[in-house]
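# Residue-level structural notes
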Amino acid sequence: MHLRLIVPPERSEHVLDTLVADPRVTSIVRLPGAARRPDGDMVECDVTREATSDILTFLKTEGVYDDGAVALSAVDSAPSRNAQAAEKAAPGAPDDAVIWDAVVDQAYNEAGGSWSYYAFLTLATMIASIAVVTDSSILVVGAMVVGPEFGVVAALAVGLFLRKRGLSRASVVLLVKGFVLAIVLTALAALVARAVGWVDVSDVTAARPLTGFIWRPDKWSAVVAVLAGCAGVLSQTAGRGNALVGVFISVTTVPAAGDLALSLALWAPHQIGGSAAQLGINLAGMTAAGVLTLLLQRVAWRSYLQVKRRTGARVEA
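Quick look at the structure, then. (Residues numbered from 1 in each chain as written. Predicted model: local features only at pLDDT ≥ 70, side-chain atom pairs only at ≥ 80, totals over all residues. Heavy atoms only, no water.)

## Here we look at the sheet that holds strand 3 (residues 40-47)
To keep it simple, the criterion reads: Think of it this way: DSSP has to see at least two bridges between two strands before they count as a pair. A run of H or I in DSSP counts as a helix once it spans at least four residues, and a run of E counts as a strand once it spans at least two, with each numbered from the N terminus. To define axes, lines are fitted to C-alpha atoms, for helices over the stretch in contact only, and angles between the resulting N-to-C directions are given on a 0 to 180 degree scale.
Here four strands make up an open sheet; going across it, the order is 2-3-1-4 and the pairing antiparallel. Each of the sheet's edge strands pairs with one partner strand only, and the pair in question is strand 2 (25-35) and strand 4 (69-73). Across this sheet, the average inter-strand angle for adjacent strands is 15°, counted without regard to direction. Bridging between strand 2 and strand 3 involves six bridges; their strand directions are antiparallel. Of the residues in strand 3, the one forming a bridge with V29 is E44.

Shown next as structure tokens:
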């Protein structure tokens with residue numbers, strides 16, 4: 001990971017000495033007095049993922065978070081010998097390390113909401129409703145990929161795990177507002193389609209071998225939601241964002257919302273409960289699994305470091 005720091009001048013020497021003394025840090029650069037707003041020394045360095053949380057904690061105690069600035073970005077490749085030596089000095093594998101400050105920052109960004117979030121969720125729900133009408137599994141997959149809701153679910157899991165009530169509350173509100181808006185707009189679109197003769201209630205109630213599972217939740221719905229929640233949170237904390245596509249395709253939150261909107265608009269009451277249950281099971285399962293995954297990651301990483309320290313102590317003795 002690459003850190004770009006603005007350090008108050010009176011603390012710069014101590015911060016620099018600490019970074020230089022840590023073998024897990026390399027490529028250290030200091031530009032005295034180069035920074036403006038806030039004023040200070042510019043310090044840049046590369047840090048192994050395993051050490052990043054330790055370094056960030058140190059910077060926070062030094063007041064750099066409050067009186068300076070911290071920016072963090074991933075380094076795609078560092079083939080130099082210095083970087084390889086720093087990696088060898090850090091215990092564990094990079095993907096196993098969780099950079100908690102980055103996870104929390106990302107969670108707050110996800111829970112903030114945006115017009116694009118509402119737009120993508122509404123468009124995904126509308127695509128899902130068309131998938132129901134046409135009984136198209138391809139459109140179901142497309143709706144899953146377009147849906148942006150997992151980031152907010154992950155933010156809720158982070159808020160619950162770290163007991164950040166504001167983050168948890170914002171995530172729940174955004175999920176509710178997003179799905180309500182998407183379902184209402186999709187239902188209105190369905191009413192317009194019914195008025196012009198494009199759809200009727202038989203399109204929803206007819207046998208749908210490819211998409212009927214959407215409104216018929218079962219034990220596997222909960223299992224898939226839990227597994228997807230674990231995979232999604234793990235991919236975010238490990239910096240493996242490409243794995244999120246698989247998570248999006250696994251869960252039927254958006255398809256359930258689309259089925260619910262159609263069932264309400266065309267009034268198919270026997271499917272309303274099933275669609276709502278499918279949506280609730282997926283959201284609850286992913287959230288619970290996310291919290292559990294974060295807990296296991298923290299416990300496993302701390303236990304691993306303790307074992308490595310004890311082993312190192314015995315070797316030195």
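## Some thoughts on the layout of surface pockets
We count it as follows: A pocket here means an open set of points on a 1 Å grid, computed over the protein atoms alone, that has protein on both sides within 12 Å along at least five of seven lines. A cavity is instead a set of points where a 1.4 Å probe fits but cannot get out; residues with an atom within 4 Å of a point line either one. Grid points are joined across faces, edges and corners, and a volume is the space filled by probe spheres set on the points. Following the grouping adopted for this structure description, the nonpolar residues are Ala, Val, Leu, Ile, Met, Phe, Trp, Tyr, Cys and Pro, the charged ones are Asp, Glu, Lys and Arg, and the polar ones are all others, Gly among them.
Approximately 660 Å³ is the volume attributed to the largest pocket. In this structure, the largest pocket is lined by 26 residues; those nearest its centre are M1, V47, R49, A74 and V75. Going through the elements one at a time, strand 3, strand 4, helix 4 (81-89), helix 5 (100-112) and helix 11 (219-237) are the ones with two or more residues in the lining of the largest pocket. Residue composition of the lining of the largest pocket, grouped by class: 13 nonpolar, eight polar and five charged. When its volume is computed, the second largest pocket comes out at roughly 490 Å³. Forming the walls of the second largest pocket are 21 residues, and the residues nearest its centre are S53, V98, W100, R298 and R302. Within the residue set of the lining of the second largest pocket, elements represented by two or more residues are helix 2 (49-61), helix 5 and helix 14 (269-316). The residue inventory of the lining of the second largest pocket, partitioned by class, reads eight nonpolar, four polar and nine charged.

## A closer look at the packing of aromatic side chains
Applicable threshold: Stacked, tilted and edge-to-face are the three classes applied to pairs of Phe, Tyr and Trp rings, where Trp contributes its six-membered ring and a pair requires centres within 6.5 Å; stacked means planes under 30 degrees apart, edge-to-face means over 60, and tilted covers the rest. Type-normalised accessible area, obtained with a 1.4 Å probe on protein chains alone, sets the label of each residue: buried when under 20%, exposed when over 50%, and partly exposed for intermediate values.
Taken as a whole, this structure holds three aromatic pairs when the rule is applied. Their ring planes at 25° and their centres at 5.8 Å tell us that W100 and F161 sit as a pair that is stacked. Placement of W100 in helix 5 and of F161 in helix 8 (residues 149-161) is noted, with a sequence separation of 61 residues between them. For F161, a relative accessible area of 15% translates into the label buried.

## Some details on the packing of helix 6 (residues 115-134) against helix 9 (residues 165-195)
So the rule is basically this: Angle categories are assigned with fixed cut-offs, so that under 35 degrees is roughly parallel, over 145 is roughly antiparallel, 65 to 115 is roughly perpendicular, and the rest are oblique. Helix crossings are classified by the rotation of the near helix relative to the far one: an anticlockwise turn of less than a right angle makes the crossing left-handed, while a clockwise turn makes it right-handed. We call two residues in contact when some of their heavy atoms are within 4.5 Å.
Across the interface, helix 6 lies against helix 9 with an axial gap of 9 Å and an inter-helix angle of 45°. If you check the angle between helix 6 and helix 9, you find them oblique. In this structure, the crossing between helix 6 and helix 9 has a hand that is right-handed. The segment helix 6 lies against helix 9, with Y117, Y118, L121, T122, T125, M126 and S129 engaging L174, L175, K177, G178, F179, L181, A182, L185, T186 and A189.

## A word on the side chain of T52
Positionally, T52 belongs in helix 2. Given the relative accessible area of 0%, T52 is considered buried. With near-sequence residues (within four places) excluded, T52 lies in contact with M1, V47, L72 and I99.

## Focus on the side chain of S129
Checked against the element boundaries, S129 lands in helix 6. In contact with S129, other than residues within four places in its own chain, are T186, G258 and L262.

## Description of unusual backbone geometry
Across the junction of R37 and P38, the peptide omega takes the value 0°, indicating a cis bond. Its place among the elements puts P38 in the loop between strand 2 and strand 3. Phi at S27 is positive, roughly 55°, even though this residue is not glycine. Mapped onto the secondary structure, S27 falls in strand 2. Classification of S27 as partly exposed rests on a relative accessible area of 41%. A positive phi angle, near 55°, is found at R37, a position not held by glycine. Here R37 lies in the loop between strand 2 and strand 3. Its relative accessible area of 82% is what places R37 among the exposed residues.

## Comments concerning the pattern of salt bridges
Here is the rule: Salt bridges are defined by distance alone: a side-chain nitrogen of Lys or Arg within 4 Å of a carboxyl oxygen of Asp or Glu.
Here the structure, examined in full by the defined rule, presents seven salt bridges. For R11, the salt bridge goes to D67, with nearest N and O atoms at 2.7 Å. A residue pair is termed long-range when its members are at least 10 positions apart, and R11 in helix 1 (residues 9-21) and D67 in helix 3 (residues 64-67) qualify at 56 residues. Using a relative accessible area of 40% as the deciding quantity, one classes D67 as partly exposed.

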